[in-house]
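# Chain and residue survey
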Amino acid sequence: MLIAASRIVTADGAAQRPSAVLAPGFVTIEDGKITAAGAGTPSGRPDVELTDGFLLPGFIDLQVNGYFGVEFATAGADGWATVASRLPETGTTAFLPTFITSPLDDLLASLRRTAELLSGSGRPQRAGQAQVLGVHLEGPFISGSRLGAHNPAWIASPDPAAIDALLEVGSGLVKLVTLAPELDGGMAAIRQLTAAGVLVSVGHSDATAQQVSTAAMCGARMVTHLFNAQRPLHHREPGVVGQALSDTRLVSSLIADLHHVSGQVAAIAFTAAPGRICLVTDAAACAGMPPGQYFLGNEPIELAEGDGTPPVRADGMFAGSALRMDSAVANMVAVGVGLADSVAAATRIPADLLGRSDLGRIAPGAAADLTWLSDDLRARATWIGGRQVYGPHLP
């Protein structure tokens, strides 16, 4: 297949490279892979011609608690299939379902059910669905003073045996763990998880800057939802935020709904840590749904009418979001972050964190996971493995 487009954002390499935006450009696809991408008009007749908008790599979301009325931690096969089939409507082609703090036995049961589902003993993942890249465990090894929407009764110390149990039951599914490194045993847990090939992120943490630096020395490479549920920046104690922005070993995720973090502060983060911000939704089951009551971590949450206002618990605490990935990119562009940088933060940078050089970019050898955004940056069509799975039929 040959796609010609008026503008292509490749997200391949540094966002500042001239090749980051091809205007016009073309992409060739064979057997679900990109075989070539270049600037100018292709020599052959395109199979698909996009005369406006932007062609991008498919988005990769590292933090999805649920969507379309489904919470992953408790969902069955039908629920998982619903979300994986519909996420391409938002431009997302790969993601990490996320389980927040729960009793250890409940987390083990969720992982066991997920492993069975994705291994084929349940309902295997189908072609045309957004790809499940693994599981993100956000807790239970978090700080009692930086809980966010997590239940304090269920937090736990990072015991080596508990970590072994989660990794064993997950059968290789656990790809990302968010924890507080300042807890007793926290640094040892980072080393244990890193040795097992798990990406470790500092989050829900009251760690000092020095403790975050030590966590990075032990193998942590990420900070979860920058500015939220963590020790803030202070001019004498940089905290989690200050270390995250200044430490080149760390990439920070950011919930770009303009409610969790103001647009001005989000723009500051992109300026302070170029190439080290990735966009996430932290979406809850209410995402893509009408206002009403939903659940996050077995706790009721309420989504009100409004302009993207996050759902809240009964005490008013934000509890995940109702954000779309295409909206996250659009929000960052609206506050002055460059388009190429915003796209890279939603595609290549999260792919690189997971060691997936075959995803998140328009480059030879990468999967032909693509999304076409309108001029106002709304998803209009999406391809997975070169097959169109969302949008009007494009000849």
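Residues numbered from 1 in each chain as written. Predicted model: local features only at pLDDT ≥ 70, side-chain atom pairs only at ≥ 80, totals over all residues. Heavy atoms only, no water.

### Observations concerning unusual backbone geometry
Cis geometry marks the peptide bond from Ala 23 to Pro 24; its omega dihedral reads 0°. Residue Pro 140 is reached from Gly 139 by a cis peptide bond, and omega for that bond is 15°. In this structure, Pro 140 sits in the loop between β13 (135-138) and α3 (160-170). Phi is positive for His 204, close to 45°, though the residue is something other than glycine. (Helix = DSSP H or I, 4+ residues; strand = E, 2+ residues; numbered from the N terminus.)

### Some words on the pattern of salt bridges
Within this structure, the stated rule accounts for 11 salt bridges. When the shortest N-O distance is used, the salt bridge between Arg 249 and Asp 247 registers 2.7 Å. Between Arg 361 and Asp 352 there is a salt bridge; the shortest N-O distance is 2.5 Å. Connected through shared salt-bridge partners, Arg 146, Asp 206 and Arg 231 make up one network. (Salt bridge = Lys/Arg side-chain N within 4 Å of Asp/Glu carboxyl O.)

### Some remarks on the pairing of strand β5 (residues 33-39)
Pairing geometry for strand β4 (residues 25-30) and β5, over six bridges, is antiparallel. Looking at the pairing, Phe 26 lines up with Gly 38 of β5. (Pairing = 2+ DSSP bridges.)

### Describing the packing of aromatic side chains
This model, assessed by the stated rule, comprises three aromatic pairs. Cluster of aromatic residues (ring-pair linked, three or more members): Phe 72, Trp 80 and Phe 95. Across the ring face of Phe 68, the terminal group of Arg 86 is positioned such that the distance to the ring centre comes to 4.0 Å. (Phe/Tyr/Trp six-rings, centres within 6.5 Å; stacked < 30°, edge-to-face > 60°. Lys NZ or Arg CZ within 6 Å of the ring centre and 35° of its normal.)

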